[in-house]
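Summary of the model geometry
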Amino acid sequence: MNKKGKIVAVVPAFNEEKYIESTINNIKKIDIIDEIVVVDDGSTDKTSKIVQNMGIKLIRLEENRGKGYAIKKAISQIDFEYLVLIDGDLGKTSDEVYKLINPVINDESDVTIARFKKPKRKGGFGLVKGLAKYGVYFFTGKKIDSTLSGQRVYKKEVIDKISFIPDRFGIELAMTVDTFRNGFSVKEVDVEMSHRETGRDISGFIHRGKQFFDVLKTFIQLLFRRWNHAY
């Protein structure tokens, strides 16, 4: 175990047979990570089989429940002092997450979030990102650029204080809001990561539409929680 405390990387994955092996192999390069756990969120491809063949701990969900649900499932089943969240489609760039780990284990910040470079291809029109960024500012008065980034490192004490993790894409907004509202510090870290990008085609717009709906739903849920004095 790492002398700073157990560091566990959790990789939520849905139909990532193309990337998952590379993602895991490059996480393995980070020797301070003590354990890797993959949560297969109801994949219909060979994601689970690949993970099992690699000898990596696998949590298999029988149906697709959403990224937030997958992460909650992992948190309920693992012991850790530091939680590293990594998307399954980062491939060979997943080892960049080491840049996020050091500031947290060295007490420079309670949470780190990866800040990606601008994508090489045009995707949507920034509506989802804008809503998420506004949501953090609305509820906390804090401005950050990487609200939607799923590449994060948390101290356990932060996770223990987070009271609301939605099941799907709104997870990053909710966890960021709870982190700030509980008085913890957040640091954005520039990385050279890249993942599967969606373009301006039908599948891309459908994906971003789902994201927008989930983030909007989370925003409304956060409003109700505030009105009901859950915060």
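See the structure shown above.
Residues numbered from 1 in each chain as written. Predicted model: local features only at pLDDT ≥ 70, side-chain atom pairs only at ≥ 80, totals over all residues. Heavy atoms only, no water.

Side note on the overall build of the protein
Counting secondary structure elements, the protein contains eight helices and seven strands. In the protein, buried positions account for 50% of the 231 residues. The long-range share in the protein, meaning contacts at least 24 apart out of those at least 6 apart in sequence, stands at 76%. Entry remark: accessible area of the protein is about 11600 Å², with carbon and sulfur atoms responsible for 49%. (Helix = DSSP H or I, 4+ residues; strand = E, 2+ residues; numbered from the N terminus. Buried < 20%, exposed > 50% of the residue type's maximum accessible area, 1.4 Å probe, protein only. Contact = heavy atoms within 4.5 Å. Areas by Shrake-Rupley, 256 points an atom, 1.4 Å probe, with all protein chains shown as cover.)

Here's the deal with the sheet that holds strand β3 (residues 57-61)
The strand order β3-β2-β1-β4-β6-β5-β7 describes an open sheet built from seven strands, whose pairing is mixed. Every other strand in the sheet has two partners, leaving β3 and β7 (186-190) as the edge strands with one partner each. When strand polarity is set aside, the average angle formed by the axes of neighbouring strands in this sheet is 20°. In this sheet, strand β4 (residues 82-85) lies alongside strand β1 (residues 7-13) in parallel orientation, the contact comprising four bridges. Following the sheet pairing, V10 is matched in β4 by L85. (Pairing = 2+ DSSP bridges. Axes fitted to C-alpha atoms, helices over the stretch in contact; angles between N-to-C directions.)

Topic: the packing of aromatic side chains
Using the criterion set out here, one finds five aromatic pairs in the structure. With a centroid separation of 5.8 Å and 45° between ring planes, the pair formed by Y134 and F138 is classed as tilted. With Y134 and F138 both in helix α5 (residues 127-140), this residue pair falls four residues apart, about one helical turn. On the accessibility criterion, Y134 (43% relative accessible area) is partly exposed. Among the aromatic residues, ring-to-ring pairing joins Y134, F138, F139 and F219 into one connected group. The ring centre of Y69 lies 4.0 Å from the NZ or CZ of R65, which sits over that ring. (Phe/Tyr/Trp six-rings, centres within 6.5 Å; stacked < 30°, edge-to-face > 60°. Lys NZ or Arg CZ within 6 Å of the ring centre and 35° of its normal.)

Regarding the pattern of salt bridges
All chains considered together, the criterion is met by 14 salt bridges. Two residues, E96 and K99, come together in a salt bridge whose shortest N-O distance is 2.8 Å. K155 serves as the salt-bridge partner of D107, at 2.9 Å between the closest nitrogen and oxygen. Taken together, the residues D107 in the loop between α4 (98-105) and β5 (111-115) and K155 in strand β6 (residues 152-155) connect sequence positions 48 residues apart. Judged by relative accessible area, which is 57%, D107 ranks as exposed. Salt bridges sharing partners connect three or more residues here, namely K67, D87 and E172. (Salt bridge = Lys/Arg side-chain N within 4 Å of Asp/Glu carboxyl O.)

Regarding the side chain of T93
Looking at the secondary structure, you find T93 in the loop between β4 and α4. Taking the relative accessible area as the measure of exposure, T93 reaches 12% and is therefore buried. Within the structure, T93 has its side chain in polar contact with the backbone nitrogen of S194 (distance 3.1 Å). Leave out the neighbours within four places in its chain, and T93 touches E192, M193 and S194. (Polar contact = N/O pair within 3.5 Å; in protein donor to acceptor, adjacent residues only side chain to side chain.)

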